[in-house]
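Single-letter residue listing:
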Amino acid sequence: MRVAVLTFDGFNELDSFVASALFNRLREHGWQAAITCPSAEVTSMNGVRIHAQQPLEFAREADVVLFGSGIKTREIATDAGILERLQLDPQRQLIGAQCSGTLLMARLGLLQGMPACTDLTTKPWVIDAGLEVLDQPFFARGNLATAGGCLSAPYLAAWAIARLAGEQACAEVLHYVAPVGEKQAFVDRAFSVIRPYLKQSVE
C-alpha cells in the first residue's frame with residue numbers, strides 16, 4: 001500500500017510525522033508512507049526543514065492520502081495551482097484530513113453533504129466553506145475521514161490501516177507505539193473511536 005502524507009509549508013510536525021511513522025510500521029507487509037509535498041523542501045511551523053519524499057502528484061496514485069495541517073493552510077486553500085495538482089478519487093482511495101487539512105478537502109469538493117472534524121482554530125473557516133463541524137475527534141463516511149486535534153493523528157492512521165490491513169494489524173501497530181503500562185488502554189481507546197466507522201465502511 002502506498003500512502004501519501006500531504007505536507008505543506010508551515011506544516012504541523014505531529015500530523016505528518018506521527019501518521020507517516022505509524023503507516024511505516026507495516027513496511028515489511030508492503031506498506032510505504034511518503035512525505036508528499038508541492039516543492040522539493042518545506043518548512044514546518046516551528047522551523048523544521050525537510051525534503052519531500054514524493055512530489056504532490058504522487059497523491060493521485062496512492063492508495064491512502066492524508067492531508068496534514070499547518071499555519072499556511074488558508075493560503076494553500078486558495079492556491080489554484082496546488083489544488084489542481086491534487087486529482088483524487090474517493091472511489092478508489094482512502095482520503096483523510098487532520099485539523100486544517102479538512103479545509104483543503106472541502107475546497108476540493110470531497111466533503112459535500114458530509115459533516116467533518118477539525119481543530120478549533122480552523123472550525124469557522126470550515127463552517128464558512130459550507131460544512132457542519134462536529135464536536136468529536138474523528139468521523140468517517142465511506143472512504144473519507146476527518147479528524148480534529150494534533151493528537152488525533154493515530155485515529156486517522158488506525159482507520160486506514162484497519163480498513164486495508166485488518167483490525168489485528170492495526171492493533172499491533174498501535175500497541176507498539178503506545179506508552180508502556182497503557183498499551184491495551186491506548187489500543188482500546190483508539191478502536192472505540194474508529195470502530196463505528198469501520199462497520200459503516202464494510203456495509
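Not measured: the values here are computed from a predicted model. (Residues numbered from 1 in each chain as written. Predicted model: local features only at pLDDT ≥ 70, side-chain atom pairs only at ≥ 80, totals over all residues. Heavy atoms only, no water.)

**Q** So what about the overall build of the protein? Which residues, and what values?
**A** In terms of helices and strands, the protein carries eight helices and nine strands. In terms of overall dimensions, the protein is globule-like: its C-alpha atoms have a radius of gyration of 15 Å, near the 17 Å expected for 203 residues. The dimensions of the protein, computed from C-alpha atoms along their principal axes, are 45 × 35 × 30 Å. A fraction of 65% describes how many contacts in the protein between residues 6 or more apart in sequence connect residues 24 or more apart. For the protein, the exposed area adds up to about 9,400 Å²; of that, 49% sits on carbon and sulfur atoms. In the protein, 17 positive and 21 negative side-chain charges are present, and the distance between their average locations comes to 2 Å. (Helix = DSSP H or I, 4+ residues; strand = E, 2+ residues; numbered from the N terminus. Rg over C-alpha atoms; globule rule 2.2 N^0.38 Å. Contact = heavy atoms within 4.5 Å. Areas by Shrake-Rupley, 256 points an atom, 1.4 Å probe, with all protein chains shown as cover. Lys, Arg positive; Asp, Glu negative; His and termini not counted. Charge placed at Lys NZ, Arg CZ, Asp CG, Glu CD.)

**Q** So what about the pattern of salt bridges? Which residues, and what values?
**A** The full count for this structure, using the stated rule, is five salt bridges. Residue R2 pairs with E61 through a salt bridge whose shortest N-O separation is 3.5 Å. With R2 in strand β1 (residues 2–6) and E61 in the loop between β5 (54–55) and β6 (64–67), the pair connects residues that are 59 residues apart, well separated along the chain. Using a relative accessible area of 36% as the deciding quantity, one classes R2 as partly exposed. Residue E61 is classed as partly exposed on the basis of its relative accessible area, which comes to 40%. When the shortest N-O distance is used, the salt bridge between E41 and R49 registers 3.8 Å. Each of R2, E61 and D63 takes part in one network of salt bridges that share partners. (Salt bridge = Lys/Arg side-chain N within 4 Å of Asp/Glu carboxyl O. Buried < 20%, exposed > 50% of the residue type's maximum accessible area, 1.4 Å probe, protein only.)

**Q** Please set out the packing of helix α1 (residues 13–23) against helix α6 (residues 153–165) residue by residue, giving values where relevant.
**A** The interhelical angle for the contact between α1 and α6, taken along N-to-C directions, is 35 degrees, at an axis separation of 9 Å. Crossing of α1 over α6 shows right-handed handedness. Where α1 approaches α6, its residues L14, D15, V18, A19, L22 and F23 are matched on the opposing element by A153, P154, A157, A160 and I161. Taken together, the residues that form the contact of α1 with α6 break down as ten nonpolar, no polar and one charged. (Axes fitted to C-alpha atoms, helices over the stretch in contact; angles between N-to-C directions. Left-handed = near helix turned anticlockwise from the far one by under 90°. Nonpolar A, V, L, I, M, F, W, Y, C, P; charged D, E, K, R; others polar.)

**Q** Can you break down α1 residue by residue, with the values?
**A** All buried positions along α1 are accounted for by E13, D15, S16, A19, S20, L22 and F23. Contacts made by the buried residues of α1 are with β1, β2 (32–37), β6, β7 (94–98), α6 and α7 (167–177). Of the residues that open α1, the one with a side-chain oxygen 2.9 Å from the backbone nitrogen of L14 is N12. (Polar contact = N/O pair within 3.5 Å; in protein donor to acceptor, adjacent residues only side chain to side chain.)

**Q** Break down the UniProt feature "domain: DJ-1/PfpI" (unreviewed entry) in the protein for me, with residues and values.
**A** The feature "domain: DJ-1/PfpI" (unreviewed entry), as given by UniProt, occupies residues 1–157 in the numbering adopted here. In residues 1–157, the share of helix is 24% and the share of strand is 23%. The end C-alpha atoms are 13 Å apart. (UniProt positions renumbered as here; feature names shortened; annotations may be inferred.)

**Q** Let's hear about the layout of surface pockets: which residues, and what values?
**A** Taken as a whole, the largest pocket holds about 230 Å³ of empty space. Forming the walls of the largest pocket are 16 residues, and the residues nearest its centre are S69, G70, S100, D119 and T122. Counted by class, the lining of the largest pocket contains five nonpolar, eight polar and three charged residues. (1 Å grid on protein atoms, 1.4 Å probe; cavity = no way out; pocket = protein on both sides within 12 Å on 5 of 7 lines; lining within 4 Å. Points joined across faces, edges and corners; volume = space filled by probe spheres on them.)

**Q** Kindly report on the pairing of β7, identifying the contributing residues and their values.
**A** β7 sits mainly inside the fold: five of its five residues count as buried. With burial as the criterion, each face of β7 is covered, one bearing L94, G96 and Q98 and the other bearing I95 and A97. Sheet topology note: the β6/β7 ladder contains four bridges and is parallel. Counted as the bridge partner of V65 is I95 from β7. Summarising the sheet, β7 and strand β9 (residues 144–147) pair through four bridges and their orientation is parallel. Bridge assignment links I95 to a residue of β9, and that residue is L144. (Pairing = 2+ DSSP bridges.)

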